[in-house]
Amino acid sequence: MILVVILSLFGCSYEKKVKLPKKTNFIQILTDDQGWGDLGSFGHQYIHSPNVDQLAKDGIKFTHCYSSASVCSPARASIMTGRTPYRTGVYRWVPANHEIHLPASEITLPQLLQKAGYQTAHFGKWHLSHYSEERADGEEQYKNYGYGEDPDQPSMEDYGYDYWFATGNVARPSHKKPQNFFLNGKAMGTIEGFSAQIVADQVVDWMDNHREEDKPFFMTLWLHEPHGPIETDSVFMTHYDELKDESLKQYLGNVTQLDAAVGSVIQALEKIGETDNTLVWFTSDNGPEGPHPYGWFNLDDKTFGGSRFRGSTGGLRGRKRHSHEGGIRVPGIIKWPEGLKLYGVKSGSVSAEPIIGADVFPTFLDIAGVSLPENRVIDGSSILPVLQGQPFNRERPLYWRNNFNEMKIALRIGDWKILGNSMRENFELYNLIIDPRETTDLSAHEPERFETMKRELIAYDKEVLAEGRPDWYPEKMKSKLPLEVNQGQ
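Remember, predicted model here, so these are calculated numbers, not experimental data.

**Brief notes about the packing of helix α5 (residues 195-209) against helix α7 (residues 246-271)**
Now for step 1: Two numbers describe how α5 lies on α7: the axes approach to 8 Å, and their chain directions differ by 10 degrees. Judged by the inter-axis angle, α5 sits roughly parallel to α7. From α5, A196, Q197, A200, V203, V204, M207 and D208 reach across to α7, where they touch Q257, L258, A260, A261, S264, V265, A268, L269 and K271.
Now for step 2: The residue makeup of the contact of α5 with α7, split by class, is 11 nonpolar, 3 polar and 2 charged.

**Here we look at the environment of V170**
Now for step 1: With respect to the helices, strands and loops of the structure, V170 is situated in the loop between β5 (163-167) and β6 (182-183).
Now for step 2: Separated by 53 residues in sequence, V170 and L223 have C-alpha atoms that sit 9.3 Å apart.

**Remarks on the pattern of salt bridges**
Note that side chains of opposite charge can pair when their charged atoms are close.
Now for step 1: Counted under the stated rule, the structure contains 31 salt bridges.
Now for step 2: Its salt-bridge partner being K320, residue D33 comes within 3.1 Å of it at the nearest N-O pair. A residue pair is termed long-range when its members are at least 10 positions apart, and D33 in the loop between β1 (25-31) and α1 (50-58) and K320 in the loop between β9 (278-284) and α8 (325-328) qualify at 287 residues. Residue D33 shares its accessibility class with K320, and that shared class is buried.
Now for step 3: Across the pair R83 and E106 runs a salt bridge whose closest N-O atoms are separated by 2.9 Å. Of this pair, R83 sits in the loop between α2 (72-81) and α3 (85-88) while E106 sits in the loop between α3 and α4 (109-115), and the two are 23 residues apart along the sequence. Assigned by exposure class, R83 and E106 land together as buried.

**Observations concerning helix α10 (residues 360-368)**
Now for step 1: α10 sits mainly inside the fold: 8 of its 9 residues count as buried.
Now for step 2: Within α10, the full set of buried residues consists of V360, F361, P362, T363, F364, L365, I367 and A368.
Now for step 3: G369 sits one or two residues past α10 and shows a positive phi near 75 degrees.

**Quick word on the packing of aromatic side chains**
Now for step 1: Using the criterion set out here, one finds 17 aromatic pairs in the structure.
Now for step 2: For the pair F427 and F450, a centre-to-centre distance of 6.4 Å together with 75 degrees between the ring planes defines the contact as edge-to-face. On the criterion of sequence distance, the pair formed by F427 in strand β16 (residues 427-431) and F450 in helix α12 (residues 447-467) is long-range, its members being 23 residues apart. Of the two residues, F427 and F450, neither departs from the other in class, the shared state being buried.
Now for step 3: Through a chain of ring-to-ring contacts, three or more aromatic side chains come together here, namely F26, Y118, F218, W281 and F364.
Now for step 4: The ring centre of F42 lies 5.1 Å from the NZ or CZ of K61, which sits over that ring.
Now for step 5: Lying across the ring of W400, K417 places its NZ or CZ 5.8 Å from the centre.

**Some thoughts on the nonpolar core**
Now for step 1: Residues F26, F62, L113, F218, L279, W336 and L387 are the most contacted members of the largest nonpolar core, which totals 68 residues.
Now for step 2: Not counting residues up to four positions away in its chain, the partners in contact with F62 are F42, G332, I334, S351, E353, I355, I383, V386 and L387.

**Looking at α1**
Now for step 1: The complete set of buried residues in α1 reads V52, D53, L55 and A56. Take α1 and look down its axis: the buried residues cluster within an arc of 145 degrees, on one side only.
Now for step 2: Contact partners of the buried residues in α1: β2 (60-62), α7, β9 and β10 (332-335).

**Some thoughts on unusual backbone geometry**
Now for step 1: In the segment running from R172 into P173, the intervening peptide bond is cis, with an omega of 5 degrees.
Now for step 2: Examined against the element boundaries, P173 turns out to sit in the loop between β5 and β6.
Now for step 3: Here the residue pair E225 and P226 is connected by a cis peptide bond, since its omega of -5 degrees sits within 30 degrees of zero.
Now for step 4: Tracing the backbone through its elements, the reader meets P226 in the loop between β8 (217-222) and α6 (234-237).
Now for step 5: Backbone geometry places D33, a non-glycine residue, at a positive phi of 70 degrees.
Now for step 6: The backbone of N405 sits at a positive phi, close to 65 degrees, despite the residue not being glycine.
Now for step 7: Tracing the backbone shows N405 in the loop between β13 (398-401) and β14 (409-413).

What counts, and at which threshold
Residues numbered from 1 in each chain as written. Predicted model: local features only at pLDDT ≥ 70, side-chain atom pairs only at ≥ 80, totals over all residues. Heavy atoms only, no water. Axes fitted to C-alpha atoms, helices over the stretch in contact; angles between N-to-C directions. Helix = DSSP H or I, 4+ residues; strand = E, 2+ residues; numbered from the N terminus. Parallel < 35°, antiparallel > 145°, perpendicular 65-115°, else oblique. Contact = heavy atoms within 4.5 Å. Nonpolar A, V, L, I, M, F, W, Y, C, P; charged D, E, K, R; others polar. Salt bridge = Lys/Arg side-chain N within 4 Å of Asp/Glu carboxyl O. Buried < 20%, exposed > 50% of the residue type's maximum accessible area, 1.4 Å probe, protein only. Phe/Tyr/Trp six-rings, centres within 6.5 Å; stacked < 30°, edge-to-face > 60°. Lys NZ or Arg CZ within 6 Å of the ring centre and 35° of its normal. Core = buried A, V, L, I, M, F, W, Y, C linked by side-chain atoms within 4.5 Å. Arc of directions from axis to C-beta.

Printed below as a string of structure tokens:
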């Protein structure tokens, strides 16, 4: 039985029909590589994060919130489509100059909301289509593609955005004085300042000068922090002067840097009078970066910021690239003053209902009154009942297939989670309520439950792999997939 704890949520009769006075605005805030424990409101001893913590005080904090993948691009694809990443073909993070991208055949959230009369905008990191990190000959700034210059991949307009200020991947050369931002297709060159504040300033400008007051809006605000290369404005490191570890001060300050950007955006909402009518969904794309066996970077390499990767999983097992909790469980906060008040849900509530990035798509569409696409599988579920203080039954279990580490696939049903390797040969079973750190495999102690969940995980994985087989799957990857997929069955 699923253990769901929602503290101090309720106080109204759910049989009474209630209706929002006007269309809800949506802001989906996504941070990059921020661990489950990387906020004051999620228990961090040092992090100064007053603005995001205030979101939790004003809304609902979800202690069992998940990304749909343990690396960035797949998690982002899932938010855009409501589908588990392997269905879309975005099975890994998108490298520079690579053919992997979110295909034009996918139906995105901004496309559907745009058709429903919403103004749509994106700010920050994108990382779902082609870009380049090669320096232009004779120039100091980075060339950066992915926004209509590659005829074989969709543009930001094709994905459903009216307005966008973005980088293809991380801010380069670092968060400080980034050189790879584009505004509606125009290269911006070197920009003074730090990326979180630069992005927030663009959001404020859009609200003040480009927002159409007669339209509701949908915005993806995907901040670069605290992904490397980490550079932090000294003003945000002053909160940690008592610490002697300079790399730790850089990391903690980087989270405070993104927190200040969130605060600027919330203040801008208040200025235009749209605070109560806007649903803000704050989360991260995966768990924190840290030591791993591939040797892709040296943790002492200051050019990449490796020694500054000091993110916290809150004690959970694994980190970025893992299917254990530390790689996929992330902060989750939803603030929606008008909606929560209307449904009698108290601000400052805490929910242990498991939710996932794929839920953003159906939830926003449900609130906006837009039907889900009928010609494809949607893995996420609308969590509107949770926001209404009503019982919630998830139609499809939480599922993951990641492209790194040994235990690549996982399924969560209720309090229980099963993990398996890519070939579905080795499995582990955990009760996440009594053992959130996944220390004790209970497969031998719960044989009936283990066999049932193993069958469900295998069936789900077969279904996903049968659908998600894009042309860009490399041969070396196919050899690591189950036999029936390699044979095209």
